[in-house]
Amino acid sequence: MAKAFRKAPQAIAADLAEKIENSYIDKVEPVGPYLNIFLNKKAVSRDILREISSEKDTFGESKIGNGQNIPIDMSSPNIAKPMSMGHLRSTVIGNSLANIIKKRGYQPVKINHLGDWGTQFGRLITAYKLWGDEDKVRANPIKELNELYIYFHEKIEENPELEEEGREWFRKLEAGDEEALELWHWFREESLKEFNLVYDRLGITFDSLNGEAFYNDKMDEVVDLLKEKDLLVEDQSAQVVRLDEYNLQPALIMKQDGATLYITRDLAAALYRKKEYDFEESLYVVGQDQIYHFNQLKAVLREMGYEWEEDIHHIIFGLISIDGAKMSTRRGKVVLLEDVLNQAVKRALVQINEKNPELANKEEVAEQVGVGAVVFHDLQHDRRNDFNFNLDEIVQFEGETGPYVQYTRARALSILNRAETESDTFETDGRYSLSDEYSWEIIKLLQSFDDALKRAHREYEPSIIAKHALSLSQAFNRFYSNVRVLDESPEKQSRLALVYAVALMLEEDLRILGVEAPDEM
Ligand code: ARG
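Presented here is a report on the structure given in the accompanying data block. (Residues numbered from 1 in each chain as written. Predicted model: local features only at pLDDT ≥ 70, side-chain atom pairs only at ≥ 80, totals over all residues. Heavy atoms only, no water.)

Before going further, it helps to spend a moment on the overall build of the protein. Across its full length, the protein carries 20 helices and twelve strands. Principal-axis analysis of the C-alpha atoms places the extent of the protein at approximately 85 × 70 × 35 Å. For the protein, buried positions account for 52% of its 521 residues. Residue pairs in contact within the protein that sit at least 24 positions apart in sequence constitute 74% of those at least 6 positions apart. Accessible area for the protein stands at about 25,200 Å²; split by element, carbon and sulfur atoms hold 45% of it. (Helix = DSSP H or I, 4+ residues; strand = E, 2+ residues; numbered from the N terminus. Buried < 20%, exposed > 50% of the residue type's maximum accessible area, 1.4 Å probe, protein only. Contact = heavy atoms within 4.5 Å. Areas by Shrake-Rupley, 256 points an atom, 1.4 Å probe, with all protein chains shown as cover.)

Moving on, we come to the site of the ligand. Lining the immediate environment of the ligand, one finds D73, S76, N78, H87, H113, Y262, D266, Y284, V286, Q290 and F294. Separating a nitrogen atom of the ligand from a side-chain N or O atom of D266 is a distance of 2.7 Å. About the coverage of the ligand: the protein hides 89% of its 350 Å² of free accessible area. Looking at the shell around the ligand residue by residue, the classes come out as four nonpolar, five polar and two charged. (Near = heavy atom within 4 Å. Polar contact = N/O pair within 3.5 Å; in protein donor to acceptor, adjacent residues only side chain to side chain. Nonpolar A, V, L, I, M, F, W, Y, C, P; charged D, E, K, R; others polar.)

With that settled, consider the nonpolar core. Core analysis: the largest hydrophobic core is formed by 127 residues, its most contacted members being L49, I72, L97, F376, F389, I442 and L446. Core analysis: the second largest hydrophobic core is formed by 33 residues, V223, V241, A269 and Y272 among them. (Core = buried A, V, L, I, M, F, W, Y, C linked by side-chain atoms within 4.5 Å.)

The next subject is the pattern of salt bridges. In the structure shown here, the tally under the stated rule is 33 salt bridges. Between D378 and R89 there is a salt bridge, and its shortest N-O distance comes to 2.6 Å. A residue pair is termed long-range when its members are at least 10 positions apart, and D378 in helix 14 (residues 362-380) and R89 in helix 4 (residues 85-103) qualify at 289 residues. Between K298 and E309 there is a salt bridge, with the nearest N and O atoms lying 3.4 Å from each other. Taken together, the positions of K298 in helix 12 (residues 291-303) and E309 in the loop between helix 12 and strand 9 (312-315) put the pair eleven residues apart, joining distant regions of the chain. Counted as one network, the salt bridges with shared partners bring together K298, R302, E309 and E310. (Salt bridge = Lys/Arg side-chain N within 4 Å of Asp/Glu carboxyl O.)

With that settled, consider the packing of aromatic side chains. Summed over the entire model, instances satisfying the criterion amount to 18 aromatic pairs. Aromatic pair F59 and F449: ring centres 5.9 Å apart, planes at 15°, arrangement stacked. Of this pair, F59 sits in the loop between helix 3 (41-55) and strand 3 (69-73) while F449 sits in helix 18 (residues 449-458), and the two are 390 residues apart along the sequence. The class of F449 is buried, set by a relative accessible area of 0%. With 4.8 Å between their ring centres and 85° between their planes, W131 and Y151 make a pair best called edge-to-face. Of this pair, W131 sits in helix 5 (residues 119-131) while Y151 sits in helix 7 (residues 141-155), placing them 20 residues apart in sequence. For W131, a relative accessible area of 31% puts it in the partly exposed group. (Phe/Tyr/Trp six-rings, centres within 6.5 Å; stacked < 30°, edge-to-face > 60°.)

Each strand in a sheet pairs with its neighbour through backbone hydrogen bonds, running either in the same direction (parallel) or in the opposite one (antiparallel). On the basis of which strands lie adjacent, the open sheet formed by three strands has the order 5-6-7 and antiparallel pairing. Unpaired on one side and paired on the other, strand 5 (232-235) and strand 7 (251-254) mark the two borders of the sheet. The mean inter-strand angle of the sheet, taken between neighbouring strand axes irrespective of direction, is 45°. For strand 5 and strand 6 (residues 238-241), the ladder comprises four bridges, and the chain directions are antiparallel. In the strand pairing of strand 6, L232 is matched with V241. (Pairing = 2+ DSSP bridges. Axes fitted to C-alpha atoms, helices over the stretch in contact; angles between N-to-C directions.)

Another point: helix 12. Taking 1.5 Å per residue, 13 residues should reach 18 Å; helix 12 reaches 18 Å between its end C-alpha atoms and fits that length. By the burial criterion, the buried members of helix 12 are H293, F294, Q296, L297, A299, V300 and L301. Its buried side turned inward, helix 12 meets helix 10 (219-228), strand 6, strand 7, helix 11 (262-277), strand 8 (282-285) and strand 9. Among the residues trailing helix 12, G305 stands out with phi positive, at a value near 95°. (Expected span 1.5 Å × (residues − 1).)

We now examine a nonpolar patch on the surface. On the surface, M1, F5, L16, I20, Y24, I37 and L39 cluster together to form a nonpolar patch covering roughly 640 Å² of accessible area. Positionally, I37 belongs in strand 2 (residues 34-39). Taking relative accessible area as the criterion, I37 reaches 44% and is therefore assigned partly exposed. (Patch = residues over 30% accessible without salt bridge, like charges linked within 9 Å, V, L, I, M, F, W, Y side chains within 5 Å.)

With that settled, the discussion passes to the packing of helix 5 against helix 9 (residues 178-202). The N-to-C vectors of helix 5 and helix 9 enclose an angle of 95°; their axes lie 11 Å apart at closest approach. By the criterion of interaxial angle, the relationship of helix 5 to helix 9 is roughly perpendicular. Only E179, A180, L183, W184, W186 and F187 of helix 9 make contact with helix 5, whose side of the interface consists of F121, L124, I125, Y128 and K129. When the residues that make up the contact of helix 5 with helix 9 are grouped by side-chain class, the tally is nine nonpolar, no polar and two charged. (Parallel < 35°, antiparallel > 145°, perpendicular 65-115°, else oblique.)

This next bit is on the packing of helix 11 against helix 12. Interhelical geometry of helix 11 versus helix 12 gives an angle of 55° and a closest axis separation of 10 Å. Classified by the interaxial angle, the pair formed by helix 11 and helix 12 is oblique. Crossing hand, helix 11 versus helix 12: right-handed. Taking contact as the criterion, the partners of Y262, I263, D266, L267, A270 and L271 in helix 11 are, on helix 12, H293, Q296, L297, V300 and L301. Taken together, the residues of the contact of helix 11 with helix 12 break down into eight nonpolar, two polar and one charged. (Left-handed = near helix turned anticlockwise from the far one by under 90°.)

Any functional reading would require information that these geometric values do not contain.
Laid out in structure tokens, this is it:
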């Protein structure tokens, strides 16, 4: 400005101080080349409280996204295998991003890109035909199938021709052989039933279950396009796309026997999603161990001339472990997601029995608190971080936990219940400002929600919302222990309106994270 106006910064500051006038601003003081702006706390508080109480769960909504589709590839477990903690992360991060994006006016499309195709199913069919027992599989599908698969790999050492047999079954599967397809269908259905138990507990739904198999009849097109563009070359009798320019290994598109690969199906999926959803951005919530895969995928698309590969974002996340144990299905030590959730719920019930033994629907609340604790914990840290967790620490009503946020909201509701007002809306009384510093801290946090949403989208980071919920809970608890809300005073009505706004805001933060909010706990 000094350059543009040919004026000293101090003089510009002094001019501006006189010109800035706004009902939210009390006074503006120039200090050298700076301006100190003093907000009118009374007006700011009054208006934000009014806005929240009238807009409720639509508070913070924006139309910026203009209804544009954003596909979110999330969860995506592999059938016939147990769902891992990594898949839980992908599920809850994806779900929360969908809620954040929706709030910004976009249309999220939640896609469960099931791992339901690939050479492993040829091996699984082989194993089932050799050693499988129908009744056992029916009774305990994932456990049985997973064991068959592991057994196959043990046997292959002494029996290398098994490998060939597995390949043959996958070839049949890709060619539409009836028996192969029938078994595959059955494995897929049974697996989905088990996955749905977890999704139901998390309250998570999908818009599409188009997994890898969905692209079976869409890969020829990819291969043809690659040939047309002269990108496919033969390498040790397989078909590859060279990516030397990108400093990447060649992408293996088709094996010698014509079998397709994970990346072939992802190429078909990327093209399909672009055509189907005409996206401006397309997200893939997948662990960081697949960075190389997504780099190759994007590089091949670039080679094909699709500039929109830039709109594909791999939303990585770190590894998680319980009490130090790595969670991996390959290493043998499988920590079942269901067990983790059950354990969490059990601990929640213990806490409830201690704090609120009279609570009517204890079991239901314990489920909300236990599952909520696991989900919240998963989302509260920068998603890239690796972390270890301990169930005893995260299912606590105090500290930086999900139950703490839930508990704070329930506490706010109980204050409102005790306030004997004629109506059950809590309108602020504009005549009396909330003068204490504790209230002002809360007001600032309510005010920052919009910005938190914006950043959470820009950085694809649900932890920003989780941190907002934690800060607000802490500010509220400080307020509550220092300010006597229910005492008769001119400010009483405004204070109740503040408590009401906090309850609404915490509920909304939790909803975005996919965590339930019990009214009492
Ligand atoms: N099924 C894969 C796995 O469990 C994740 C799939 C991720 N999505 C994708 N489009 N590649 O590792």
